[in-house]
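Here's the letter readout for the chains.
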Amino acid sequence: MTEITSAAERGRELTLRAVLLGGLLTLMFTAANVYLGLKVGLTFATSIPAAVISMALLRYMAGSTILENNIVQTIASAAGTLAAIIFVLPGLVMVGYWQGFPMIETTAITMLGGILGVLFSVPLRRALVVDSDLPYPEGRAAAEVLQVGAASAEGAEENRAGLSALLWNSIIAAAFTLLTQMKLAGAEVARWFAVGSGATGIAGGLAFALFGVGHLVGLSVGIAQLVGLITGWWVLLPILTQGGTGDPETLANTVFRADVRFFGAGVIAVAAIWTLIRIAGPVLGGIRSAMAASRARQGGEALAIEEQDISINWVFGGSLALMLPIGWLLWTVLAGGPLAGSSMILIAGAILFIIVVGLMIASVTGYMAGLIGASNSPVSGIGILAIIASSLLLLGLLGRGGGEEEIAAMVAYALIVTGLVFGIATISNDNLQDLKTGQLVGATPWKQQVALIIGVIFGSIIVPPVLNVLNETLGFVGAPGAGPNALAAPQAGLISSLAQGVLGGNLNWTMLGYGALAGVGFIIVDALLGRAGKLRLPPLAIGIGVYLPMAVILPVVIGAVGGWFYDRWAAKRPNAGFAHRMGVLTATGMIVGESLFGVLYAGVVAGSGSDAPLAVVGDGYAPYAPWVGLILFVGLVWLSYKRTRRLVVATP
């Protein structure tokens with residue numbers, strides 16, 4: 001190969017100011033995501049807000065480029081994903097192993113897992129980004145934001161129309177989200193009802209970001225998630241809740257958390273294994289290609305800048321070198337405790353587990369990011385599988401004997417090992433999304449990979465102090481000494497309960513097993529549809545539809561259908577390519593507006609100490625808010641697409 005362009009021709013990319021700005025945004029976004037994730041169990045994607053802020057600031061600095069803005073969003077994107085470590089680590093406080101979050105240990109778990117996630121995903125770029133047709137909705141959206149921002153100064157009609165669509169929909173999404181936080185409009189519409197002596201319901205979040213994601217992922221993934229939703233909420237729940245007690249809403253949500261989510265985790269597990277089998281060939285091919293590129297570079301052959309990853313030798317060497325501090329970390333955890341006598345076998349087993357399972361999880365989460373976007377990938381589902389696997393590893397190494405003190409130590413050790421693997425999962429999930437953005441804007445892969453390592457380091461430093469502040473002021477539900485306003489930390493509670501269930505012998509294996517069997521069935525159906533040339537139903541997307549709450553899934557499904565109708569209209573336009581891009585920018589604006597508002601609102605909540613600092617109405621208005629929200633949401637979505645279509649028609 002020959003180099004396509006020189007660095008001088010491409011302009012600035014990995015610069016000091018990009019690193020500093022990306023680091024500042026990482027600190028801010030990580031803190032916001034830690035709080036929101038512990039409170040409601042969800043985090044928001046930070047790539048697009050970071051890109052918007054970066055363009056706004058760097059535009060006034062000489063020599064700024066689209067590639068430099070891409071580095072800023074790459075660094076800051078670590079915030080949205082690395083903050084997901086809160087789905088595991090608070091479990092150590094909940095089980096009483098930690099009283100707070102020690103700076104060195106918490107930083108080490110977060111940083112080591114995150115850097116491994118970057119390194120493990122490097123050889124996956126060729127298989128899952130370059131040689132794949134996965135949609136990468138958020139990666140594409142971030143690229144559209146960067147391209148519109150870079151080109152808008154040229155004054156071309158299409159660029160002006162695209163920027164107008166992006167800004168309009170950002171404002172609409174942010175304004176609607178503001179109304180929901182003022183309690184003037186509901187953020188969700190739900191109806192719960194009895195089915196015989198059981199219960200189920202229908203619930204949909206009124207979230208522009210979720211609707212926009214649906215548009216971007218497309219009809220195939222959207223319908224697959226609808227199949228999962230129907231399976232979980234309208235088939236399983238009415239059966240599993242028969243004979244239950246309590247009002248329909250409480251009964252349905254209790255059984256969903258206790259049984260249906262485990263069924264969904266079983267589907268995800270089988271679908272993830274099947275996905276791994278399917279992509280094993282391309283992944284191995286990507287590794288061979290990366291090694292060939294490394295040899296070619298060492299032999300003096302020039303590679304195209306867009307093909308230059310971190311050297312595979314550095315990937316292998318760096319991954320092995322990181323096993324030393326991981327071994328030290330695990331040794332400090334075991335030293336002086338009831339498991340100290342088995343330290344060598346436990347550390348060796350954990351390191352082997354981290355390497356093997358980490359590589360598998362990096363592949364699966366990277367694929368999921370390509371399928372439905374990094375912020376919508378069910379990494380907490382991967383955490384469930386990881387904690388079960390690590391707990392089973394401990395049972396295999398030590399058996400089920402021992403008293404309560406030994407079981408408690410085993411639970412804590414399993415959580416720490418899972419924390420390291422979870423760091424790999426979250427960052428590889430994000431890294432490939434960023435590399436897709438980079439591919440679309442012509443970035444240098446190795447510079448993005450270095451930037452993500454920098455983002456991991458920044459994020460790892462801010463996670464422990466934020467966790468400590470929240471633990472000392474509010475605490476976590478289920479933890480010793482938690483106050484009345486304790487944060488729910490739902491995933492951390494579930495994952496720590498799973499570890500206790502496996503090691504204590506009372507895990508819900510039945511629903512996991514049924515879910516695995518259903519997963520096999522979904523795989524067969526998808527294969528038959530493929531052979532018949534029909535719309536595919538990705539099994540992993542079905543599992544996600546079962547596992548996640550209906551309020552999250554339903555707006556994505558509706559957004560996918562809405563996007564399909566828009567794309568059919570766009571395909572009939574004389575300027576079909578431009579019309580399609582305008583649809584992407586419309587959906588992107590919806591994501592941008594809600595994401596930026598999420599950052600601002602997190603700061604307001606943290607500063608005020610109130611759960612609803614912007615509320616302007618009392619509880620008496622609550623019954624009307626959902627219907628006001630629904631009418632406004634539907635009307636604003638309709639106006640948004642109508643305006644986009646008008647812009648397309650008016651642009652030559």
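Residues numbered from 1 in each chain as written. Predicted model: local features only at pLDDT ≥ 70, side-chain atom pairs only at ≥ 80, totals over all residues. Heavy atoms only, no water.

**Some details on the overall build of the protein**
Reasoning step 1: The secondary structure content of the protein amounts to 23 helices and two strands.
Reasoning step 2: Within the protein, the proportion of its 652 residues that are buried is 57%.
Reasoning step 3: Contacts in the protein between residues far apart in sequence, at least 24 positions, make up 83% of those at least 6 positions apart.
Reasoning step 4: When the accessible surface of the protein is totalled, it reaches about 24,700 Å², and 67% of it is carbon and sulfur. (Helix = DSSP H or I, 4+ residues; strand = E, 2+ residues; numbered from the N terminus. Buried < 20%, exposed > 50% of the residue type's maximum accessible area, 1.4 Å probe, protein only. Contact = heavy atoms within 4.5 Å. Areas by Shrake-Rupley, 256 points an atom, 1.4 Å probe, with all protein chains shown as cover.)

**Thoughts on the nonpolar core**
Reasoning step 1: Counting residues in hydrophobic clusters, the biggest one holds 163 residues, and the most contacted among them are V34, I326, L330 and Y413.
Reasoning step 2: Residue contributions to this core peak at 18 residues, all from helix α16 (residues 404-441).
Reasoning step 3: If we skip the residues at most four places from it in the chain, L330 touches I347, A350, Y413, I416, V417 and L420.
Reasoning step 4: Core analysis: the next-biggest nonpolar cluster, separate from the first, contains 23 residues, F176, F578, F633 and V637 among them. (Core = buried A, V, L, I, M, F, W, Y, C linked by side-chain atoms within 4.5 Å.)

**With respect to the packing of helix α6 (residues 103-121) against α16**
Reasoning step 1: Packing of α6 against α16 leaves a shortest axis separation of 7 Å and a crossing angle of 45°. Classified by the angle their axes make, α6 and α16 are oblique. The two elements α6 and α16 meet at a crossing, and its hand is right-handed. Contact with α6, carried on its side by I109, L112, G113, G114, L116, G117, V118, F120 and S121, involves I416, G419, L420, G423, I424, I427, S428, N431 and L432 of α16 and no other residues of that element.
Reasoning step 2: Here the residues of the contact of α6 with α16 sort into 10 nonpolar, eight polar and no charged. (Axes fitted to C-alpha atoms, helices over the stretch in contact; angles between N-to-C directions. Parallel < 35°, antiparallel > 145°, perpendicular 65-115°, else oblique. Left-handed = near helix turned anticlockwise from the far one by under 90°. Nonpolar A, V, L, I, M, F, W, Y, C, P; charged D, E, K, R; others polar.)

**Brief notes about a nonpolar patch on the surface**
Reasoning step 1: There is a patch of nonpolar side chains on the surface, built from F193, I202, I230, W234, V235, I239 and L240 and spanning about 580 Å² of accessible area.
Reasoning step 2: When residues of the nonpolar patch are assigned to their parent elements, the largest contribution, five residues, is made by helix α11 (residues 219-240).
Reasoning step 3: Looking at where V235 falls in the secondary structure, it is placed in helix α11. (Patch = residues over 30% accessible without salt bridge, like charges linked within 9 Å, V, L, I, M, F, W, Y side chains within 5 Å. Salt bridge = Lys/Arg side-chain N within 4 Å of Asp/Glu carboxyl O.)

**Brief notes about the environment of L320**
Reasoning step 1: Here L320 lies in helix α13 (residues 312-334).
Reasoning step 2: Classification of L320 by relative accessible area gives exposed; the value is 60%.
Reasoning step 3: When the C-alpha positions of L320 and I355 are compared, they lie 9.1 Å apart, and in sequence the two are 35 residues distant.

**Topic: the pairing of strand β2 (residues 198-205)**
Reasoning step 1: Of all eight residues making up β2, seven are buried, and the element is well covered by its neighbours.
Reasoning step 2: Taking the residues between adjacent antiparallel strands as the criterion, strand β1 (residues 188-195) and β2 are bridged by two residues, where G196 takes a positive phi near 65°. (Pairing = 2+ DSSP bridges.)

**What to know about helix α3 (residues 47-58)**
Since there are 3.6 residues in each turn of an α-helix, residues three or four apart along the chain are aligned in direction.
Reasoning step 1: With 12 residues, α3 ought to run about 16 Å at 1.5 Å a step, and its terminal C-alpha atoms sit 16 Å apart, in line with that.
Reasoning step 2: Listed as buried for α3 are S47, I48, P49, A50, A51, S54, M55 and L58. (Expected span 1.5 Å × (residues − 1).)

**Some thoughts on the confidence of the model for the protein**
Reasoning step 1: When pLDDT is averaged along the protein, the result is 82; 85% of the residues meet or exceed 70.
Reasoning step 2: Looking across the protein, the model is least confident in helix α1 (residues 7-10), with a mean pLDDT of 50, and most confident in helix α23 (residues 625-650), with 94.
Reasoning step 3: Taken together, the stretch residues 1-9 has pLDDT below 50 and engages in 18 contacts with residues farther than four places along the chain or on a different chain. (pLDDT = per-residue confidence, 0-100.)

**What to know about the side chain of D434**
Reasoning step 1: On the secondary structure map, D434 appears in helix α16.
Reasoning step 2: When residues no more than four places from it in sequence are discounted, the contact partners of D434 are S47, Q73, T74, S77, Q448 and L452.

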